[in-house]
Amino acid sequence: MTEPHPQPVRISSEPAQLQALEPVLEKVRAAVGNVPTLLTIAEDIGRTAPKPGEGSTVKLWELLASVTAVDVAAGRVLEPHLDALAILAQAGVQAGVQAQAGADGEQKGAWGVFAAEGAGMKLEAKRDADGNYALNGSKPWCSLAAQLDHAVITAHAGDNSRRAFAVDLKHQGVTAETPQWTSRGLQEIPSGTVHFDQVAAQPLGQEDWYFKRPGFAWGGMGVAACWLGGAVAVARDFAAALAKAADNGREPDQIALASLGEIDRIITSATGYLAVAAERIDSGELEGSDPDGPSTWSEALRVRGTVAAAVERVQMLVSQNLGPGPLAFNETYGKRMADLSLYIRQHHAMRDDAQLGALALKGDRWW
């Protein structure tokens, strides 16, 4: 039986507009499990992909969701590369770090974004008498650091502030650990600790700019678009399994149909929320510059929490209905479920809801 062509994930674009994604999705499907090729594809996509807040945010999110629907790990490769390019543009570094750009001015190589903190670890940025910065210390959770060329990375720059920097990961002072990655999920994308010893770094924005810029919240919502793409793929797996069973004379029972109906409601609601959020970003409503206007970060927390809950509910319903069979014997389905279960844990669940609750208590709410 011929495997069906990868289907784009629609958020609000017309179906005909999404057809342009199909050749890229075919390339992604052919490269599943091959990280170097996926990084090359990410570089190619990054040359033309829209950036958030520039009028085509929904197309960016449809791209992220569609790639993740083909393979969750592929989405996990693409998202930080595009986020890094957006951060550079927001900082006014249009062509990336000039010293690392090619002769034609085009930024070369694959990018990551490393902003996590870890107990007992600290990455410090110190400036010398000439005003140049160097990084020293360690940074945890640096996905694919050994295979990437550059990264946007946060470091402590004095007075307990954290600042963003662009860094060449091929610098001789960079050492990427090979983590003992025992997870079944995202096996191609281990996230280990990276050590920095007098590594030159280019500052991006002012102190605390990285976290205060509206693009920080926009990027967080872009990750949610990836999560949604994974949920759509799981839902499609379920619908295909029910259709195949019906073709073989085993019609779905009421529980299976009710589960599929609930999944349809969940995905439709989450997709609609992303569509509205993308429109608000592009209209300038979620720039965060108006102190009396809606908080950009509170909206990101709502979007991420809504999509995360949708993903977990879809996974549970599909897993309950399909049972252990596909988890045990279907490699694509088993990989998708494991990858998505780990990816969704970037959401901090009730701790993020506690942040949102604190903002709501202060009046940052719609109701």
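On a predicted model such as this, the values are computed, not experimentally measured, just so you know.

Peer 1: Quick question: what am I supposed to make of the overall build of the protein here?
Peer 2: When you go through the protein residue by residue, the secondary structure sums to twelve helices and seven strands. Every one of the 367 residues in the protein was classed for burial, and the buried ones make up 50%. A separation threshold of at least 6 residues defines the contact pool for the protein, and within that pool the share at least 24 residues apart is 73%. Of the roughly 17,700 Å² of accessible surface on the protein, a fraction of 52% belongs to carbon and sulfur atoms.

Peer 1: Hey, could you run me through empty space enclosed by the protein in this one?
Peer 2: Any empty space left between the atoms is revealed when a probe the size of a water molecule rolls over them. A full pass over the atoms with the stated rule returns two cavities of 30 Å³ or more. The computed volume of the largest cavity comes to approximately 130 Å³. Lining of the largest cavity is provided by 16 residues; of these, P52, L60, L82, D83 and A86 occupy positions nearest its centre. The set of elements that each furnish at least two residues to the lining of the largest cavity consists of helix 4 (57-70), helix 5 (72-90) and helix 7 (214-247). Ranked by residue count, the leading element in the lining of the largest cavity is helix 5, at five residues.

Peer 1: I tried to follow helix 3 (residues 35-46) on my own but got confused; where do I start?
Peer 2: For the α-helix, the turn length of 3.6 residues means that residues three or four positions removed from each other point alike. Taking 1.5 Å per residue, twelve residues should reach 16 Å; helix 3 reaches 16 Å between its end C-alpha atoms and fits that length. Those residues of helix 3 lying buried are V35, L38, L39, I41, A42, E43, I45 and G46. On its buried face, helix 3 is in contact with helix 2 (22-30), helix 4 and helix 5.

Peer 1: Just checking my understanding: could you explain the state of the cysteines for this structure?
Peer 2: A covalent bond between the sulfur atoms of two cysteines is what we call a disulfide. Counted according to the given criterion, the structure contains zero disulfides. The thiol sulfur of C142 is not disulfide-bonded, and the nearest other cysteine sulfur, from C226, lies at 19 Å. Since its relative accessible area comes to 2%, C142 is described here as buried. The class of C226 is buried, set by a relative accessible area of 0%.

Peer 1: Help me out: how do you make sense of the packing of aromatic side chains in this one?
Peer 2: The geometry of an aromatic ring pair is captured by the separation of the ring centres together with the interplanar angle, meaning the angle of the planes. Following the criterion strictly, the structure yields six aromatic pairs and no others. On the numbers, 6.4 Å between centres and 85° between planes, the contact of W227 with Y343 is edge-to-face. Taken together, the positions of W227 in helix 7 and Y343 in helix 11 (residues 331-343) put the pair 116 residues apart, joining distant regions of the chain. When its relative accessible area of 0% is taken as the criterion, W227 is described as buried. Looking at Y343, the relative accessible area reads 1%, which means it is buried. The structure contains a cluster of three or more aromatic residues connected by ring pairs, namely Y210, F211, F216 and W297. The ring of W209 has R213 sitting right over it, with the charged end atom 5.4 Å from the ring centre. Over the ring of W367 we find R365; its NZ or CZ atom is 4.8 Å from the centre of that ring.

Peer 1: What should I look at first to understand the pattern of salt bridges in this one?
Peer 2: It is possible for side chains of opposite charge to pair when their charged atoms get near one another. Tallying each qualifying case throughout the model produces 16 salt bridges. Within this structure, R280, E285, E299, R302 and D364 form a network of salt bridges that share partners.

Peer 1: Help me understand the pairing of strand 3 (residues 133-143), please; the structure alone is not making it clear to me.
Peer 2: The element strand 3 is largely enclosed, with a buried count of eight among its eleven residues. Hairpin connection, strand 2 (residues 123-127) to strand 3: the antiparallel pair is bridged by five residues, and G131 has positive phi, about 90°. Note that strand 3 and strand 7 (residues 191-204) share nine bridges and pair antiparallel. Bridging from a neighbouring strand, G137 pairs with F196 of strand 7.

Peer 1: I'm lost on the packing of helix 4 against helix 7 in this one. Help?
Peer 2: When two helices pack together, their arrangement is given by the angle between their axes and by how far apart the axes lie. Following both chains from N to C, one finds helix 4 and helix 7 inclined at 40°, their axes separated by 7 Å at the closest point. One element, helix 4, and the other, helix 7, form an angle in the oblique class. The interaxial crossing formed by helix 4 with helix 7 has right-handed handedness. Of the residues in helix 7, those in contact with W61, L64, A65, T68 and A69 of helix 4 are W218, M221, G222, A225, C226, G229, G230, A233 and R236. Here the residues of the contact of helix 4 with helix 7 sort into nine nonpolar, four polar and one charged.

Peer 1: Any chance you could explain the confidence of the model for the protein here in plain terms?
Peer 2: In low-pLDDT segments, the atomic positions of the prediction should not be examined closely. Residues with a pLDDT of 70 or more make up 93% of the protein, whose mean pLDDT is 92. Confidence drops under pLDDT 50 across residues 95-106; counting only partners more than four residues distant or on other chains, this segment forms 20 contacts.

Basis of the calculations
- Residues numbered from 1 in each chain as written.
- Predicted model: local features only at pLDDT ≥ 70, side-chain atom pairs only at ≥ 80, totals over all residues.
- Heavy atoms only, no water.
- Helix = DSSP H or I, 4+ residues; strand = E, 2+ residues; numbered from the N terminus.
- Buried < 20%, exposed > 50% of the residue type's maximum accessible area, 1.4 Å probe, protein only.
- Contact = heavy atoms within 4.5 Å.
- Areas by Shrake-Rupley, 256 points an atom, 1.4 Å probe, with all protein chains shown as cover.
- 1 Å grid on protein atoms, 1.4 Å probe; cavity = no way out; pocket = protein on both sides within 12 Å on 5 of 7 lines; lining within 4 Å.
- Points joined across faces, edges and corners; volume = space filled by probe spheres on them.
- Expected span 1.5 Å × (residues − 1).
- Disulfide = S-S within 2.5 Å.
- Phe/Tyr/Trp six-rings, centres within 6.5 Å; stacked < 30°, edge-to-face > 60°.
- Lys NZ or Arg CZ within 6 Å of the ring centre and 35° of its normal.
- Salt bridge = Lys/Arg side-chain N within 4 Å of Asp/Glu carboxyl O.
- Pairing = 2+ DSSP bridges.
- Axes fitted to C-alpha atoms, helices over the stretch in contact; angles between N-to-C directions.
- Parallel < 35°, antiparallel > 145°, perpendicular 65-115°, else oblique.
- Left-handed = near helix turned anticlockwise from the far one by under 90°.
- Nonpolar A, V, L, I, M, F, W, Y, C, P; charged D, E, K, R; others polar.
- pLDDT = per-residue confidence, 0-100.

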